[in-house]
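# Close look at the chain arrangement
Single-letter residue listing:
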Amino acid sequence: MGYEIYVRSFADSDGDGIGDLAGITSRLDYLSWLGVDALWLTPFYPSPGHDHGYDVSDYRAVAPHHGSLQDFDTLVSAAHQRGLRVIVDIVPNHTSIKHRWFASARRDPDGPERHRYLWADPGPGGRPPNNWRSHFGGPAWTLDEQSGQYWCHLFLPEQPDLNWRNPVVREDFESILHFWIDRGVDGFRVDVAHGLFKDTELRDNPQIAPLADGMHPFEVFDAFEHRYDMYQTETTDIYRRWNHICAPRQVMLLGEVDAPWPDRMSHYVAPGVLDQGFLLWAARAGWSPEALLKMVRVMHEGLPQGVSWVLSNHDRPRPASRFGGGEVGAQRALAVTTLFMAVGGTPFLYQGEELGLTDGTLRHGTYDPVPVETAGAIHGRDGCRTPMPWDTSPHNGFSTSDPWIDSEPRPPQQTVAGQRADPDAPIHRYRSLLALRRKHPDMWRAPLEWIETSDPLVAALRRGSIALVANLSDHRTHVSLGSPGWQPVFANRQGSRLDSATSEAISVPAETTVVLTRGS
Ligand code: GLC
Ligand code: MG
């Protein structure tokens, strides 16, 4: 089971209001108590911070406000002592505009460094070279006045895209992998893994939906089929090379692969390529159980071990908020997470998910460059990035001074300390669930058989000594497990009833996932 740490907001050890590596080290005992196996750390490299660390200006160092390389080494060894693996984020699609590679590429349009990035002459009338869009709004091209050429950026102008057809770029990243492997990392989370290569002729993407004024940047982006700016087949050759470096050293490659189609995902996630892919679909969706259960079945059929299911990350509103808020949202999130434990590769929790948190409330200002629309209101990705609430001391124990992001303090029942003291709190449910997955490897390893149900809002399955029924409908349901002798061992809420005579069928309340075991 993985756990995503948004480094800026997890724990601040030196009182500057920004989370740091030493802060994470000080909280490792908590993570072992919770029962996770692997930590994914978001970028902690030097960065001007236009995209909060996803604009890297040096891939082989630690930003001073997050600590030092020595702090990193301390964190890795302390994690390893506790049996926790450490996965770092690698950002290969783009660098920061402040990276020295970009500075030299820009400085000398005729020099060899120029072709580390993607440059193109203006289109007719001085317009951008083609119709590609930035995820974050506007064209994917910015004019460099000095040379009269545009540079390409699928994200902010401050995140210029690298030219992966240049072998120097490839060599640099291979040496970056070695650098972190030599420091003991156990895996890489590959940012925008479906990006990297672009069409050599820079052809226009086909438009598949009309554009309208006032559309959100993500909607504009989705109005195009990304045939030429992403998903190029050459990208997987890079991961094959990375796999040669990583596999012999037991280092895992986990891609952020935005591909909710098994045939496409399986280009990237396959033996000898990436080990697993984060499927972002479920982290984006609102409460839509029918679509979710369908997606789970389709993806599992195509890639039984390859999908790392996540309901949450640092880019989207928290699931408890998306699924109806409060207690209802939190119960629904746990019902889905329970299902995720049994249907793919390594699932990940995002910090605070184990508390059933809804989004934090910002007091003033916005910090994220990307406006995201939630429930009619436009705000950024800030709501899910507010500090981890540890206790009821000032700033919820995150820092001794004002956090970098100004948000309302959380009440005691939303803190780690408050929940640890309350046996009915979500944290204990998550902890039991994680312990269950550890105790019963059948849950993710044994052959999976679906039990057909007549309701598209109910999924049921058996895996060896484990059975699971996810009733995501709004009414009680009755499912026959096909054989006797089952015992419920976990449910996100009380109220499941087993047929006492045979223990062959179970009645499960609304929005409840129950796990059962047999003969062990
Ligand atoms: C990924 C990250 C996101 C970032 C983007 C650009 O989607 O999760 O936070 O903005 O890549 O690097
Ligand atoms: Mg700090």
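Since this is a predicted model, take the numbers as computed values, not measurements.

It is worth spelling out the pairing of strand 5 (residues 141–144) at this point. Pairing between strand 5 and strand 6 (residues 149–152): four bridges, direction antiparallel. Across the sheet, residue Trp141 finds its bridge partner in strand 6, namely Cys152. Connecting strand 5 to the next strand, strand 6, in antiparallel fashion are four residues, including Gly148 with a positive phi near 75 degrees.

Moving on, we get to the pattern of salt bridges. Going through the model one piece at a time under the given rule, you end up with 26 salt bridges. The closest approach of N and O atoms between Arg381 and Asp51, which form a salt bridge, is 2.8 Å. Taken together, the residues span a long stretch of sequence, with Arg381 in the loop between strand 13 (377–379) and helix 13 (416–420) and Asp51 in the loop between strand 2 (38–41) and helix 3 (69–81) at a distance of 330 residues. With a closest N to O distance of 3.7 Å, Arg385 and Asp368 form a salt bridge. In this pair, Arg385 sits in the loop between strand 13 and helix 13 while Asp368 sits in the loop between strand 11 (348–350) and strand 12 (372–374), placing the two residues 17 residues apart along the sequence. Among the residues examined, Arg385 registers a relative accessible area of 1% and is labelled buried. Take Asp368: its relative accessible area is 8%, and that puts it in the buried class. What emerges from the salt-bridge pattern is a single network uniting Asp51, Asp315, Asp368, Arg381 and Arg385.

What follows covers the domain arrangement of the chain. Domains assigned within the chain are domain 1 (2–93 + 167–433), domain 2 (100–152) and domain 3 (446–518). A separation of 30 Å is found between the C-alpha centroids of domain 1 and domain 3. Tallying the contact residues gives 21 residues for domain 1 and 20 residues for domain 3. When domain 1 packs against domain 3, close to 1,900 Å² is buried across both sides, 64% of that on carbon and sulfur atoms. A per-residue breakdown of the area domain 1 buries against domain 3 is headed by Leu293, Arg297 and Arg429, which together make up 28% of the total. Inspection of the domain 1/domain 3 interface yields two salt bridges. Arg332 is the partner of Glu511 in a salt bridge, and the nearest nitrogen-oxygen pair spans 2.9 Å. Inspection of the region where domain 1 meets domain 3 yields six residue pairs in polar contact (both at pLDDT 80 or more).

Conventions and cut-offs
Within every chain, residues take consecutive numbers counted from 1 along the sequence as written. The lettering of chains begins at A and the numbering of ligands begins at 1, in the order of writing. The model is predicted, so local features are restricted to residues of pLDDT at least 70 and side-chain atom pairs to those at 80 or more, both for listing and for counting; the totals for chains, interfaces and linings are taken over all residues. Excluding hydrogens and water, the side-chain figures rest on all heavy atoms present in the structure. At least two bridges found by DSSP between two strands is the condition for calling them paired. Strands are runs of DSSP state E lasting at least two residues, helices are runs of H or I lasting at least four, and both sets are numbered from the N terminus onward. Each reported salt bridge corresponds to a side-chain nitrogen of Lys or Arg within 4 Å of a carboxyl oxygen of Asp or Glu. Exposure is judged per residue with a 1.4 Å probe applied to protein chains only, and the accessible area is read against the type maximum: over 50% gives exposed, under 20% gives buried, and values in between give partly exposed. Where each domain starts and ends comes from a domain assignment, either automatic or drawn from a database. Note on contacts: a residue pair qualifies if any of its non-hydrogen atoms lie within 4.5 Å across the two residues. A simple way to read buried area is as the amount of 1.4 Å-probe accessible surface that goes missing from two parts once joined, with both sides added. Pairs of N or O atoms within 3.5 Å make up the polar contacts considered here, provided that, within protein, one atom can donate a hydrogen while the other can accept it, and that residues adjacent in sequence are counted only when both atoms are side-chain atoms.

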